[in-house]
2 protein chains.
Amino acid sequence: MLKIAKLTDYGTLLMTTLALEPSSVLNAQELAVRSHVAAPTVAKLLKLLVKGGLVESTRGAHGGYRLARDATTITVADVVTALEGPIAITACALHGGGCTIEGSCTSRSNWRLIDDAVRDALSAVTLAQMAQPRTRPKFAKPVPLSAVAHE
Amino acid sequence: MLKIAKLTDYGTLLMTTLALEPSSVLNAQELAVRSHVAAPTVAKLLKLLVKGGLVESTRGAHGGYRLARDATTITVADVVTALEGPIAITACALHGGGCTIEGSCTSRSNWRLIDDAVRDALSAVTLAQMAQPRTRPKFAKPVPLSAVAHE
DNA sequence: GGATACCGGACCGGAATGGTGCGGATTGTA
DNA sequence: TACAATCCGCACCATTCCGGTCCGGTATCC
């Protein structure tokens, strides 16, 4: 597993939907239709994404949502962070104090290392890439992630 | 979030505990003491780890557990896979059929890409490294993930 | 044969997640 | 100015999943 929340999955779907039409302002209803996600869920997600600073909202009649930044500058890591909070694999990284095992935690420092790696992996893919049906043939494994991230 | 299950965290703790004493056979009780994890939980985890082929068990009096392979050949990814099943960030990757959004899933192929990256990240750290208080200074971020993976 | 210890389930309570609804605030239009 | 469209924030509920426990069974050693 190690899965992201289903809502986060929907969230990226929404974001890519927005990314396909950067110049338009789409309302929640319209986004629900295009992304095939239930309308109430869409509304909930958009609120979180607004709070996270990833999309901008326009209130009132003919209001709606659009990306706050260019799709090439928004990464999957941004979306995940906005919807699920800071990316931290281990629970321990958060509730600093109450760890009953603290003493024997030689592995803690190593987990952070893994955290960083995962964060990098998620930061390597932008919304613009997600919006494309397939980012090129599918660059083979040997290509370093960091190279992809900076393209 | 994007967190691994707490049990998985404990699981790696157990594995590192075993890694510290490769030649001994430790029983569940003893492992519970050393890892500071509740005994019943330890037992449960060990069952899963055995099933996953990561540890070997000896039954009967003076039985116990030990690593099935050398600590340098067991990665965190192995442990996570044994305890949580195949590493797949998206839920969609599993329940193949019932996706209501299938048509618009241009992003699916891109998620797999991220899956691979995360998998690589987890495969990059071995038990032997986790057992050490700190794997060298902490190789800086600019190092490409894939380079770490193959070291 | 008895004690030790693993094995494979079933089982349960609590938390988190996914999903829904409602009153309120803001903006455009008639 | 009144009304409609639309976002906003919060509270709420049901279900699922997770962490944790227990028990009967089996294998091995003394």
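Residues numbered from 1 in each chain as written. Chains lettered and ligands numbered in written order. Predicted model: local features only at pLDDT ≥ 70, side-chain atom pairs only at ≥ 80, totals over all residues. Heavy atoms only, no water.

Side note on the overall build of chain A
The line we're drawing: Secondary structure follows DSSP: runs of H or I at least 4 residues long count as helices, runs of E at least 2 residues long count as strands, and numbering of each begins at the N terminus. Between buried and exposed lies partly exposed: a residue is buried under 20% and exposed over 50% of the maximum accessible area for its type, with that area taken using a 1.4 Å probe on protein chains only. Reported accessibility uses the Shrake-Rupley method at a 1.4 Å probe radius. Residues are deemed covered only where the shown protein chains occlude them.
Scanning chain A for helices and strands turns up 7 helices and 2 strands. In sequence order, the secondary structure elements of chain A are arranged as α-α-α-β-β-α-α-α-α. By residue count, 44% of the 151 residues in chain A fall in the buried class. Accessible area for chain A stands at about 7,500 Å²; split by element, carbon and sulfur atoms hold 57% of it.

So, the packing of helix H1 (residues 6–19) of chain B against helix H3 (residues 39–51) of chain B
Residue and element names in this part refer to chain B. Selection criterion: Interaxial angles span 0 to 180 degrees and are taken between N-to-C directions of axes, which are lines fitted to C-alpha atoms, for helices over the stretch in contact. The labels follow the angle: roughly parallel below 35 degrees, roughly antiparallel above 145, roughly perpendicular from 65 to 115, and oblique for the rest. Two residues form a contact once any of their heavy atoms are found within 4.5 Å.
Where H1 meets H3, the closest approach of the two axes is 10 Å, and the angle between their N-to-C directions is 80°. With respect to each other, H1 and H3 are oriented roughly perpendicular. Counted together, Leu7, Tyr10, Gly11, Leu14 and Met15 of H1 and Thr41, Val42, Leu45, Leu46 and Leu49 of H3 form the full contact between these two elements.

Some thoughts on the pairing of strand E1 (residues 55–58) of chain B
Residues and elements named next belong to chain B. Which entries qualify depends on this criterion: Note on pairing: two strands pair once DSSP finds at least 2 bridges between them.
Sheet topology places E1 next to strand E2 (residues 64–67); 4 bridges connect them, and they run antiparallel. Across the sheet, the residue bridging to Ser57 is Tyr65, located in E2. Where E1 folds back on E2, the antiparallel hairpin that results is connected by 5 residues, among which Gly60 adopts a positive phi of roughly 80°.

Considering the protein's contact with DNA strand C
Defined as follows: Residues are labelled near a given molecule or strand when at least one of their non-hydrogen atoms is within 4 Å of it. Within 3.5 Å is the distance limit for a polar contact, defined as a pair of N or O atoms, with the added protein rule that one can donate a hydrogen and the other accept it, and that residues adjacent in sequence qualify only through two side-chain atoms.
With respect to spatial proximity, 23 residues lie near DNA strand C, and among them Lys6(A), Lys44(A), Ala28(B), Ser57(B) and Tyr65(B) are the closest. Among the atoms of DNA strand C lying within 4 Å of the protein, the sugar-phosphate backbone contributes 67%. Between a base oxygen of DNA strand C and a side-chain N or O atom of Arg59(B), the distance comes to 3.4 Å. If you list the elements that add at least two residues to the surface near DNA strand C, you get helix H1 (6–19) and helix H3 (39–51) of chain A together with E1 and E2 of chain B.

A few points about the side chain of Glu84(A)
Residue and element names in this part refer to chain A. Within the fold, Glu84 resides in helix H4 (residues 76–84). With relative accessibility at 13%, the residue Glu84 sits in the buried group. For Glu84, the side chain forms a polar contact with the main-chain nitrogen of Ala5, separated by 2.9 Å. Among the polar contacts listed, one links the side chain of Glu84 to the side chain of Thr8, at a separation of 2.3 Å.

Quick look at the environment of Val125(A)
Mapped onto the elements, Val125(A) comes out in the loop between helix H5 (108–123) and helix H6 (127–131). Spatially, the C-alpha atom of Val125(A) lies 23 Å from that of Val37(A), the residues being 88 residues apart in sequence. Among residues more than four places away in sequence, those in contact with Val125(A) are Ile74(A), Thr75(A), Val76(A), Met130(A), Leu113(B) and Ile114(B).

Structural notes on the pattern of salt bridges
Our working definition: By salt bridge we mean one thing: a side-chain nitrogen of Lys or Arg within 4 Å of a carboxyl oxygen of Asp or Glu.
Enumeration over the complete set of coordinates arrives at 9 salt bridges over all chains. Across the salt bridge formed by Arg34(A) and Glu21(A), the nearest N and O atoms sit 2.5 Å from each other. Here Arg34(A) is found in helix H2 (residues 28–35), whereas its partner Glu21(A) is found in the loop between H1 and H2, with 13 residues between them in sequence. A residue is classified by how much of its surface remains accessible, and Glu21(A), at 27% relative accessible area, is partly exposed. With its nearest N and O atoms 3.0 Å apart, the salt bridge here joins Arg119(B) to Asp116(B). Here Arg119(B) pairs with Asp116(B), and both are found in helix H5 (residues 108–123), just 3 residues apart, close to one helical turn. Taking relative accessible area as the criterion, Asp116(B) reaches 34% and is therefore assigned partly exposed.

Some thoughts on the protein's contact with DNA strand D
Where we set the bar: Under the convention adopted here, Pro, Cys and the residues Ala, Val, Leu, Ile, Met, Phe, Trp and Tyr are nonpolar, Asp, Glu, Lys and Arg are charged, and Gly plus all remaining residues are polar.
What surrounds DNA strand D is a group of 23 residues, the closest being Ala28(A), Ser57(A), Lys6(B), Lys44(B) and Arg59(B). Protein-adjacent atoms of DNA strand D, using a 4 Å cutoff, are sugar or phosphate at a proportion of 67%. In this structure, Leu7(B) approaches DNA strand D through a main-chain N or O atom, which is 3.5 Å from a phosphate oxygen. Measuring from a base oxygen of DNA strand D, one finds a side-chain N or O atom of Arg59(B) at 2.9 Å. At the level of elements, strand E1 (55–58) and strand E2 (64–67) of chain A together with H1 and H3 of chain B are the ones that each hand at least two residues to the surface near DNA strand D. For the surface near DNA strand D, the per-class residue count stands at 9 nonpolar, 9 polar and 5 charged.

Remarks on the confidence of the model for chain A
A low pLDDT score tells you not to read the predicted coordinates there in detail. All names here are of chain A. For the record, the criterion: The score called pLDDT rates the predictor's confidence residue by residue, from a low of 0 to a high of 100.
Residues at a pLDDT of 70 or more form 75% of chain A, whose mean pLDDT is 78. A low-confidence stretch, residues 93–104 (pLDDT under 50), is modelled with 11 contacts involving residues beyond four sequence positions or located in other chains. Note that residues 135–151 has pLDDT below 50 and, in this model, 22 contacts with residues that lie over four places away or in other chains.

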